[in-house]
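Structure at a glance
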Amino acid sequence: MILARAVRIAVVVGILGLVVTLALAFRRDPHDIRTGSVNKPAPAFTLERLDGSGRLALADLSGKVVVVNFFASWCLPCIQENPALVRVFERYRGSDVIMVGVDFQESRDTGLAYVRRMGIGWPTVGDDDGRVALSYGVFGPPETFFIGADGIIAGRHIGPIDEPTLVNAIEKLRAQASSR
Amino acid sequence: MSGRVFVAIAIFALAAAVVFAARPHEATSEERIDQITSELRCPVCQGLSVKDSTSETARQMRELVAQRVREGKTDTEIQAEFRAAYGDWIFLSPPLTSWSALVWLVPVAVLGAGLILVAGRLRRVDLPASPEPTASQVAALRERVIREEATEG
């Protein structure tokens, strides 16, 4: 009798737990997936710039807010999000915010042609063997990572990003950096 | 007698062959790469392992695993590298050491709770054992049998 009652209580608790879990899961933004790389130091990289002007190392951007955007010319959502990236780049040009584009799974010539066509003014690099994308846990472009001045990945956005999301994430990191 | 000896030798030889075949041996690099990539989920596929996928991402992941094996990294170290980037999601079978273990444990717990519930119900519906007849009932029955025998006799 006591056992059956305990089982009944366990069933009710289990159902309640399921409802709470589902409610919390549905409230979360599906673009903001907390995979392994979030809240951890950003994996270091040194990659060739697409325009052939040398190499770019993430370590050289230490102390700045860095927005790393994985893109490709064959990726339609990348074309869709590009105007927002361009506006945000212009907004923070010359500030403590640096944007870096990482070309995903394509030749440098194709990537460079896309960069010129789309009016991308921020530094872009080629991830020839995909190692950087794998170290960041990228599923596919477009994906955007927000790295704080402390070098920690504070957030990631999967899929095309809009201007308010970019500005909110950047401002949060700038506020953190100025309060340190 | 010689027949029995022949059968015994044959059984012994068979057992020895099985033991020899099943002996633990050090996996080759290729076997290790196959094993590790068969447990990793291809990030751009639907339920396919990195080993089975033909996508560019899976090819790059296989190359990375092969390089790490050549560098002398252990399987655990290689798996940890992918976990650091993608979390436990990257493994086709959720490990038992994290929250994803609930995927394995919850069905077992629910099954156990169900069995306990069913056992409790079955015990409750069992018919009560029929009570022993009282002395007066036995005496009445005896009298009835004697009466019926006398009537028939």
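The following refers to the structure shown. (Residues numbered from 1 in each chain as written. Chains lettered and ligands numbered in written order. Predicted model: local features only at pLDDT ≥ 70, side-chain atom pairs only at ≥ 80, totals over all residues.)

As a further point, take the overall build of chain B. Secondary structure summary: chain B contains six helices and zero strands in total. For chain B, the α and β elements follow one another from N to C terminus as α-α-α-α-α-α. In terms of overall size, chain B is more extended than a compact globule, its C-alpha atoms giving a radius of gyration of 35 Å where 153 residues would be expected to give roughly 15 Å. When the backbone C-alpha atoms are referred to their principal axes, chain B occupies close to 105 × 60 × 25 Å. A total of 153 residues make up chain B; the buried ones form 12% of that total. (Helix = DSSP H or I, 4+ residues; strand = E, 2+ residues; numbered from the N terminus. Rg over C-alpha atoms; globule rule 2.2 N^0.38 Å. Buried ≥ 20, exposed ≤ 12 C-beta atoms within 10 Å, placed from the backbone.)

With that settled, the discussion passes to the interface of chain B and chain A. At the junction of the two partners, chain B supplies 17 residues and chain A supplies 19 residues. Among the secondary structure elements, those contributing two or more residues to the side of chain B that touches chain A are helix H3 (56–70), helix H4 (75–86) and helix H5 (102–125) of chain B. Among the elements that make up the side of chain B that touches chain A, the one with the highest residue count is H3(B) (five residues). Its residues assigned to classes, the side of chain B that touches chain A comprises 11 nonpolar, four polar and two charged. (Contact = placed C-beta atoms within 7 Å. Nonpolar A, V, L, I, M, F, W, Y, C, P; charged D, E, K, R; others polar.)

Let us look at the pairing of strand S4 (residues 97–104) of chain A. Two faces make up the sheet, and in a regular strand the side chains alternate between them. All names here are of chain A. The buried fraction of S4 amounts to seven of the eight residues, a majority that puts the element mostly inside the structure. Of the strand pairs in this sheet, strand S3 (residues 65–71) and S4 are connected by seven bridges, and their pairing is parallel. Its bridge partner being in S4, Asn69 is matched across the sheet by Gly101. Pairing of S4 with strand S5 (residues 124–127) involves four bridges; the strand directions are parallel. In the strand pairing of S5, Gly101 is matched with Thr124. (Pairing = 2+ DSSP bridges.)

A few words now on the sheet that holds S3(A). Residue and element names in this part refer to chain A. Read from one edge to the other, the open sheet built from five strands follows the order S5-S4-S3-S6-S7, with strand pairing classed as mixed. Two strands close off the open sheet at either side, each with one partner strand: S5 and strand S7 (153–158). The average undirected angle you get between the axes of adjacent strands in this sheet is 20°. In terms of strand pairing, S3 meets strand S6 (residues 143–147) through five bridges, oriented antiparallel. What sits directly across from Val67, in S6, is Phe146. (Axes fitted to C-alpha atoms, helices over the stretch in contact; angles between N-to-C directions.)

Grouped together as the largest cluster of nonpolar side chains are 51 residues, with contacts concentrated most on A:Val67, A:Val68, A:Val102, A:Ala133, A:Ile147, A:Ile170 and B:Met61. Broken down by element, the residue count for this core peaks at six residues, all from S3(A). (Core = buried A, V, L, I, M, F, W, Y, C linked by C-beta atoms within 7 Å.)

The next subject is the pairing of S7(A). Of the strand pairs in this sheet, S6(A) and S7(A) are connected by five bridges, and their pairing is antiparallel. Counted as the bridge partner of A:Glu143 is A:Ile158 from S7(A).

Time to look at unusual backbone geometry. Residues and elements named next belong to chain A. Here the bond from Pro141 into Pro142 is cis, since omega is -5°, no more than 30 degrees from zero. Residue Asn39 is not a glycine yet carries a positive backbone phi of 70°. Residue position: Asn39 is located in the loop between helix H1 (2–27) and strand S1 (46–48). C-beta crowding within 10 Å serves as the criterion here: with 10 such atoms nearby, Asn39 is assigned to the exposed category. In the Ramachandran plot, Gln105 falls in the positive-phi region, its phi being about 50° despite a non-glycine side chain.

It is worth spelling out the environment of B:Glu81 at this point. Among the secondary structure elements, B:Glu81 is positioned in helix H4. As for B:Glu81 and B:Arg68, which are separated by 13 residues in sequence, their C-alpha atoms are 9.9 Å apart.

Moving on: helix H2 (residues 76–92) of chain A. All names here are of chain A. Helix length check: H2, at 17 residues, gives a terminal C-alpha distance of 25 Å against a target of 24 Å (1.5 Å per residue), a fit within 8%. The sharpest bend along H2 reaches about 40° and sits at Asn82, with the proline Pro83 one to four residues further on. For H2, the complete set of buried residues consists of Cys78, Glu81, Asn82, Leu85 and Val88. Contact partners of the buried residues in H2: S3 and helix H5 (163–179). Of the residues flanking the end of H2, it is Gly94, one or two places downstream, whose phi is positive at about 80°. (Expected span 1.5 Å × (residues − 1). Bend = angle between axes of the 7 residues up to and from the residue.)

On to the packing of helix H2 (residues 29–39) of chain B against H3(B). Residue and element names in this part refer to chain B. At a closest axis distance of 10 Å, the pairing of H2 and H3 adopts a crossing angle of 135°. When the axes of H2 and H3 are compared, the pair comes out oblique. The crossing of H2 and H3 is right-handed. Of H3, the residues touching H2 (which contributes Ser29, Arg32, Ile33, Ile36 and Thr37) are Met61, Arg62, Val65, Ala66 and Val69. Here the residues of the contact of H2 with H3 sort into six nonpolar, two polar and two charged. (Parallel < 35°, antiparallel > 145°, perpendicular 65-115°, else oblique. Left-handed = near helix turned anticlockwise from the far one by under 90°.)

Here we come to H4(B). All names here are of chain B. If you check H4, its first and last C-alpha atoms are 17 Å apart, about what 12 residues at 1.5 Å a residue would give, namely 16 Å. Of the residues making up H4, those classed as buried are Ile78, Phe82 and Tyr86. Projected down its long axis, H4 shows its buried positions confined to an angular sector of 55°, all on one face. The exposed residues of H4 that point more than 90 degrees off its buried face are Thr76, Glu77 and Ala80. Residues of H4 that are buried sit in contact with H2 and H3. Note on H4: the residue one or two positions beyond its end, Gly87, has a positive phi of about 80°. (Arc of directions from axis to C-beta.)

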